[in-house]
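# Analysis of the macromolecular model
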Amino acid sequence: MTMHSNAAPSPAAPILEVSHLGVAYGNDARKVQVVHDVSLAVSPGEALGIVGESGCGKSQTMLAVLRLLPRGGRVSGGAVRFDGRDVLALSARDVRGIRGHGLALISQDALTALNPAMTIGTQMAEPLIHYDGVSGAQARKRCAELLDLVGIPGATSRLGSYPHELSGGMRQRALIAMAISANPKVLIADEPTTALDVTTQAQILQLIDRLRRDLGMALILITHDLGVVAGVTDRVAVMYAGRVVETATTEDLFASPRHPYTKALLDSTARIEGQVSDRLSPIPGLPPDPRSPVSGCAFHPRCSYVRDVCHQDLPQLVDGIAGGEHPVRCFVDPFVTAPARRAGEAAR
Amino acid sequence: MLSFILNRALQIIPVIIGVTIATFLLAQIIPGDPADVLLGSTASEETRQELRTALGLSEPVYIQYGIYLKNLLQGDLGQSFTFAEPVTQVLVSRLFNTSLLAIAAIILASIVGVAAGTWAALKPGSIRDQGLSVVVLFFNSMPSFWLGLVLILIFGLHLRLLPVGGMDDATGSLAGLAAHMVLPTFTLAAWSLAVIARMTRSAILDVINSDYIRTARSRGVSEARIVLRHALPNAMPTVITVIGMQMGFLLSGAVLTETVFSWPGIGLAMYQAISTRDIPLIQGGILVLAIAFVLINFVVDILYAYFNPKIKLA
Amino acid sequence: MSTPAIRLKDVSIRFPIRKGVLRRVVGEVRAVDSISFDINEGETVGLVGESGSGKSTTGRGLLGLSHLSGGTVECFGQDLAALKRDRGALPRISQLVFQDPYASLNPRMTIGETLGEVLHVHRLVPPAEIGARVAKLLDDVGLRRETAERHPHALSGGQRQRVAIARALAIEPKFIVLDEVVSALDVSIQGQIVNLLQDLQRQRNLTYLFITHDLSIVRHVSHSIVVLYGGQIMEMGPRDSLFAQPLHPYTSALLSAVPVPDPRIERARARLEVRSEPPDPSAPLPGCRFQRSCAFAISRCQIERPVLRPIGSHDSRHVAACHRMDEPLVREALSRASHGALS
């Protein structure tokens with residue numbers, strides 16, 4: 001059986017490459033596999049979106065890459081290469097060198113992601129002073145520049161503020177400033193705008209996009225919102241039940257989604273543009289619980305294109321009929337096959 | 001902050017009135033007639049009755065309470081039968097001794113407890129962590145009088161390293177005092193030390209799973225800094241509350257420890273008072289201990305608010 | 001159209017700010033500032049706004065959970081204040097379902113016990129029939145009957161939200177305030193809940209106030225829309241008219257900020273920036289609430305509070321509060337920002 005790489009061939013060698021990564025919780029007797037065989041790659045300066053719903057394994061994949069899985073979680077297989085180094089084999093000390101400097105993380109809720117008992121300036125400067133050996137005054141100057149760069153007005157005075165004294169948008173900006181403080185090569189943003197108001201979300205996305213271009217970073221944007229990836233990514237990987245089910249360039253994915261899940265997700269999204277449909281078209285049923293995995297293709301109980309083969313066999317991630325650079329994990333192609341049953345017939 | 005302190009101070013008054021009622025009634029409930037104790041069972045009923053009248057024991061209960069309260073406000077807690085001294089005098093001279101022991105114990109318990117808890121939390125599930133759990137369980141399940149006796153046996157009688165009773169040697173030197181303090185302080189601190197260590201460990205493990213800890217890790221901050229600079233300060237409010245509660249418990253723990261080590265504190269006096277049914281001294285002792293407990297809680301509340309500028313001071 | 005089911009007239013909700021030992025009132029937060037709108041029977045009004053806009057406070061005010069500092073609410077022809085005095089009368093008319101059903105369900109009670117308790121407390125059915133009624137309620141919200149024996153933690157977010165809806169329906173209210181009911185759910189599940197709510201509305205002629213920050217969902221569920229900012233109504237009108245031609249710069253800014261799942265549209269869009277943070281509700285500025293954030297603000301906006309009014313030959317039910325909305329240049333800019341690139 002040939003394994004296909006999830007990632008489309010990129011012009012430059014990838015800076016971060018995840019291959020056949022698995023993440024599991026618990027011991028062997030009660031193992032819960034939350035990420036299966038995920039392969040992804042991102043080139044310098046490229047923006048990759050990872051889209052999926054809660055529990056699909058998108059955040060777990062990236063925490064495994066950063067070696068930040070919570071207790072009980074472990075990598076059950078595969079490899080992570082960053083800048084030519086095997087991340088999973090690095091010593092704890094070397095991993096610290098990669099975190100922040102190579103791979104930086106922005107998490108969802110800046111209120112909980114910032115230490116409530118420390119001023120913004122102190123937490124920003126911490127790795128600069130204690131890892132890079134920058135002097136206190138220099139670190140302060142650098143932090144003020146960074147806050148200015150992310151659009152926080154009165155940056156110098158803000159260094160002395162505690163997180164709860166800032167608004168939601170400003171906190172998220174401060175978190176972004178912290179993430180880019182050590183000039184990372186890859187910025188991993190995990191739902192960076194989910195907790196924000198829509199107008200603030202637009203500003204933060206614009207900021208992340210601008211910083212990526214100006215600083216030449218690669219971006220991995222993890223989100224449940226297809227609208228968010230549409231604007232700021234070059235390529236998108238769609239995840240369902242711990243597996244990548246489709247990857248394509250952003251243009252391709254939205255123009256011709258090939259996995260029934262991607263298609264259903266797009267159809268179920270309420271929109272502010274186009275015709276108002278009287279009813280939304282939700283995906284019937286519920287996503288599977290990783291503690292009781294589904295046989296065959298994990299999406300088959302909810303899929304409107306389901307065939308007999310989907311119940312037993314797991315489809316591999318292979319290039320679709322349309323040719324390369326758009327691999328899909330599905331036995332059917334919704335563009336050439338009619339649905340086997342209407343949406344909504346599946347068990348609820 | 002000032003209004004918060006005033007508010008809490010006002011709340012203390014009814015508590016203290018309640019304490020005086022409780023201590024008064026407590027003494028009423030204790031079975032046994034002081035006349036028997038003082039005069040022996042051979043005395044005639046007439047002599048006993050005279051003594052009761054002299055002591056005010058034949059008045060109705062509420063009158064006795066009124067007298068008690070009036071005397072209390074004048075600093076008169078009555079006369080101790082056993083020490084043949086005013087209760088106030090007995091307690092004042094001993095309050096210092098008890099405080100010395102209690103303060104030494106809480107300092108020991110806090111420093112060692114927080115350090116041990118933090119050290120264990122650095123590597124949850126490790127051998128050192130499990131080792132701490134065993135020690136905690138050991139200290140928490142061992143009564144302090146037994147621990148005291150074991151320590152006396154080992155360090156005092158077998159190794160002959162430390163004195164086993166009293167407060168100072170004949171010279172009255174500071175070194176002598178220190179030597180006499182070692183065993184009682186450790187005995188008194190053991191239980192609290194274990195509780196503080198356990199709570200520090202779990203408070204740190206609670207915050208160690210926070211998002212901001214993950215943020216710090218994702219930026220390459222070292223594990224030691226994460227525990228000391230990120231986790232510990234955020235765990236402090238919980239730890240302070242526990243330490244405050246332990247300070248209260250130490251006062252009651254002092255009764256047993258002082259008895260075992262013949263430490264001339266309130267606890268020992270209380271023990272003697274109870275065994276001789278010295279009601280005024282029992283009342284006075286409980287009152288002093290209860291008021292100390294209330295005041296300690298008051299201070300802890302203020303400290304807690306001080307460490308938590310975000311909590312609503314209402 | 002007859003009289004509306006719910007009518008808000010100049011409703012204000014203010015919260016005092018207290019300080020010091022004596023808890024003296026030193027100021028007030030104007031969470032909701034003199035708003036008026038109607039909800040027709042059997043229809044849905046979408047109440048849209050960002051955090052701090054006063055949308056949830058308005059919903060709570062309608063249910064008698066927040067004290068009205070001014071104005072009146074008419075509920076199916078009766079005054080809210082009178083209904084509040086008659087204990088139990090208000091819950092029988094109006095119910096609340098909110099974002100986090102997990103927090104509102106007792107974790108130690110089974111779903112059947114939770115629903116049964118509501119029926120029992122309000123004496124809606126004889127004790128012997130409670131089981132049957134619970135089963136019927138679960139049917140109505142698309143849950144299996146076995147769900148009655150389960151505890152909240154054993155259910156998914158969508159299922160819990162169905163239970164919360166069943167609990168509201170148990171009392172057979174005429175009006176339900178839906179406060180961010182789908183915001184915490186996955187996209188694929190949101191549609192299930194929205195469709196359920198719409199089906200129930202049609203079957204039972206229910207009246208909804210749908211409170212959300214999500215403009216795309218509100219477009220699907222609402223007959224008309226009210227846009228709140230800083231406790232005041234910026235714009236309101238029938239759904240189609242408002243989305244086709246937003247009149248207020250804030251509405252345009254909101255629409256232009258919503259990400260569209262189509263990269264061609266996303267990349268071509270001109271965004272209308274909101275310049276600053278939301279206003280401080282404890283120190284409102286004179287004039288328009290949106291002045292500081294508005295790209296079109298002029299000196300008049302800092303002095304004079306604009307009133308809600310329609311423009312020109314437009315649908316007279318579609319109104320907005322902006323001094324400059326009639327100006328052709330402003331109209332064109334708004335139209336380009338909010339939907340020009342979308343169509």
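From a predicted model like this one, the values you see are computed outputs, not experimental measurements.

### Overview of unusual backbone geometry
All names here are of chain C. The residue phenylalanine 76 is not glycine, and still its phi comes out positive at about 50°. Notably, arginine 123 is not glycine yet its phi reads approximately 50°, a positive angle. The residue arginine 123 is located in the loop between helix H5 (111–121) and helix H6 (130–140) in this model. On the basis of neighbour counts, which here come to 9 C-beta atoms within 10 Å, the residue arginine 123 falls in the exposed class.

### What to know about the pairing of strand E3 (residues 47–51) of chain A
Residues and elements named next belong to chain A. Across the five residues of E3, five count as buried, placing the element largely inside the fold. Of the two faces of E3, the one carrying Ala47, Gly49 and Val51 and the one carrying Leu48 and Ile50 are both buried. As paired elements, E3 and strand E8 (residues 218–223) share five bridges and run parallel to each other. If you follow valine 51 over to E8, its bridge partner there is threonine 223. Two strands pair when backbone bridges link them, and E3 and strand E9 (residues 235–240) are joined in this way by four bridges, in the parallel orientation. The partner of valine 51 across the bridge, within E9, is valine 238.

### Description of the environment of alanine 120 of chain B
Residues and elements named next belong to chain B. Position of alanine 120 among the secondary structure elements: in helix H5 (residues 87–122). Taking the C-alpha atoms as reference points, alanine 120 and alanine 197, separated by 77 residues in sequence, lie 8.7 Å from one another. Excluding anything up to four places from it in sequence, alanine 120 contacts Arg128, Asp129, Leu132 and Arg201.

### Overview of the sheet that holds strand E11 (residues 319–320) of chain C
Spatially, E6-E7-E8-E3-E9-E10-E11 (chain C) is the arrangement adopted by the seven strands of the open sheet, whose pairing is mixed. For this open sheet the edge positions go to strand E6 (94–98) and E11 of chain C, each flanked by a neighbour on one side alone.

### Thoughts on helix H4 (residues 120–130) of chain A
Residues and elements named next belong to chain A. Burial analysis of H4 places eight of its eleven residues in the buried class, which makes it a mostly covered element. Those residues of H4 that fall on the buried side of the exposure criterion are Ile120, Gly121, Gln123, Met124, Ala125, Glu126, Pro127 and Leu128. Of the surrounding elements, those touching the buried residues of H4 are helix H5 (136–149), helix H6 (155–158) and helix H7 (168–179).

### What about the interface of chain A and chain B?
The partner chain B presents 17 residues to the 24 residues of chain A that form the contact. Contributions of two or more residues to the side of chain A that touches chain B are made by helix H2 (92–98), strand E6 (103–106), helix H3 (110–113) and H4 of chain A. Of all the elements, H4 of chain A adds the most residues to the side of chain A that touches chain B, at three residues. The residue inventory of the side of chain A that touches chain B, partitioned by class, reads twelve nonpolar, eight polar and four charged.

### Some points on the interface of chain A and chain C
Taken together, the contact pairs 36 residues of chain A with 38 residues of chain C. When residues of the side of chain A that touches chain C are traced back to their parent elements, those giving at least two are helix H8 (198–215), helix H9 (226–232), helix H10 (250–255) and helix H11 (260–268) of chain A. Classifying every residue of the side of chain A that touches chain C by side-chain character gives 16 nonpolar, twelve polar and eight charged.

### Remarks on the confidence of the model for chain C
Per-residue confidence for chain C averages 89 on the pLDDT scale, and 95% of its residues sit at or above 70. We note a pTM of 0.83 for the whole complex and an ipTM of 0.87 for its interfaces.

### Quick look at the sheet that holds strand E4 (residues 70–75) of chain C
All names here are of chain C. Taken together, the four strands give an open sheet; going across it, the order is E2-E1-E4-E5, and neighbouring strands pair in antiparallel fashion. Strands at the two margins of the open sheet, each flanked by one partner only, are strand E2 (24–39) and strand E5 (78–79). Sheet topology places strand E1 (residues 6–19) next to E4; five bridges connect them, and they run antiparallel. Counted as the bridge partner of lysine 9 is threonine 72 from E4. Contacts from helix H1 (residues 55–62) reach E1, E2 and E4 within the one sheet, and its direction differs from that of E2 by about 75°.

### Structural notes on the packing of H5 of chain C against H6 of chain C
Residue and element names in this part refer to chain C. Running from amino to carboxyl end, H5 crosses H6 at an angle of 115°, the nearest separation of the two axes being 9 Å. As for how H5 packs across H6, the hand of that crossing is right-handed. In this structure, H5 uses Gly112, Leu115, Gly116, Leu119 and His120 to contact H6, whose residues at the interface are Ile130, Arg133, Val134 and Leu137. Of the residues in the contact of H5 with H6, the class split is five nonpolar, three polar and one charged.

### Describing the packing of helix H10 (residues 223–261) of chain B against helix H11 (residues 266–275) of chain B
Residues and elements named next belong to chain B. Relative to each other, H10 and H11 sit at 85°, their axes nearing to 7 Å. By the angle class used here, H10 and H11 are roughly perpendicular. Together, Ala254, Val255, Thr257, Glu258 and Thr259 of H10 and Ile266, Gly267, Leu268, Met270 and Tyr271 of H11 make up the contact between the two elements. Split by residue class, the contact of H10 with H11 holds six nonpolar, three polar and one charged.

### Details of H6 of chain C
All names here are of chain C. Within H6, the full set of buried residues consists of Val134, Leu137 and Leu138. One side of H6 carries all its buried residues, which in axial view fall inside an arc of 100°. Seen from the buried face of H6, the exposed residues on the opposite side, beyond 90 degrees, are Ala132 and Asp139. In this structure, the buried residues of H6 make contact with H5 and helix H7 (157–170). One or two positions beyond H6, positive phi appears at glycine 142, with a value near 75°.

Rules used throughout
- Residues numbered from 1 in each chain as written.
- Chains lettered and ligands numbered in written order.
- Predicted model: local features only at pLDDT ≥ 70, side-chain atom pairs only at ≥ 80, totals over all residues.
- Helix = DSSP H or I, 4+ residues; strand = E, 2+ residues; numbered from the N terminus.
- Buried ≥ 20, exposed ≤ 12 C-beta atoms within 10 Å, placed from the backbone.
- Pairing = 2+ DSSP bridges.
- Contact = placed C-beta atoms within 7 Å.
- Nonpolar A, V, L, I, M, F, W, Y, C, P; charged D, E, K, R; others polar.
- pLDDT = per-residue confidence, 0-100.
- Axes fitted to C-alpha atoms, helices over the stretch in contact; angles between N-to-C directions.
- Left-handed = near helix turned anticlockwise from the far one by under 90°.
- Parallel < 35°, antiparallel > 145°, perpendicular 65-115°, else oblique.
- Arc of directions from axis to C-beta.

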